[in-house]
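Structural overview for review
Take a look at the letters that make up each chain.
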Amino acid sequence: MFHRKPLEERIAERVAKRPPLKEGKHFEHRPALIVFCVIMVLVALKIVGAFALMKWGIT
């Protein structure tokens, strides 16, 4: 459509341009690392908050 390559070909070209993955690197791109870290921080804060509430006898 409109003289463009099909989506599959455009994706294949983009993937072919990427450098090979480095061994031992778990996150291929930065946004995945940021989302992972934010989730881990939220989980840690929830656990610490729960222990703090139990210590103060609020719950």
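Structure report, in brief. The structure presented is a predicted model; accordingly, all values stated were derived computationally and were not measured. Numbers given to residues run from 1 along each chain, matching the order in which its sequence is written. Local features in this predicted model are restricted to residues whose pLDDT is 70 or higher, and side-chain atom pairs enter the listing and the counts only when it is 80 or higher, whereas totals over whole chains, interfaces and linings include all residues. Hydrogens and water are ignored here; the side-chain numbers use all heavy atoms of the structure.

**Comments concerning the pattern of salt bridges**
The term salt bridge refers to a pairing of a side-chain nitrogen on Lys or Arg with a carboxyl oxygen on Asp or Glu at a separation within 4 Å. Evaluation of the coordinates by the stated rule reveals 1 salt bridge. For the salt bridge of Lys 5 with Glu 13, the shortest nitrogen-to-oxygen distance reads 2.4 Å. Buried means the residue's accessible area, taken with a 1.4 Å probe over protein chains only, is under 20% of the maximum for its type, while exposed means over 50%, and partly exposed covers the values in between. We classify Lys 5 as partly exposed; its relative accessible area is 42%.

**What about helix α2 (residues 30-56)?**
For helices the rule is a DSSP run of H or I covering at least 4 residues; for strands it is a run of E covering at least 2, with both sets numbered from the N terminus onward. In this scheme, a helix's expected span is set at 1.5 Å multiplied by one less than its residue total. Its 27 residues place the ends of α2 39 Å apart at the C-alpha level, agreeing with the 39 Å of an ideal helix rising 1.5 Å per residue. Gly 57 sits one or two residues past α2 and shows a positive phi near 70°.

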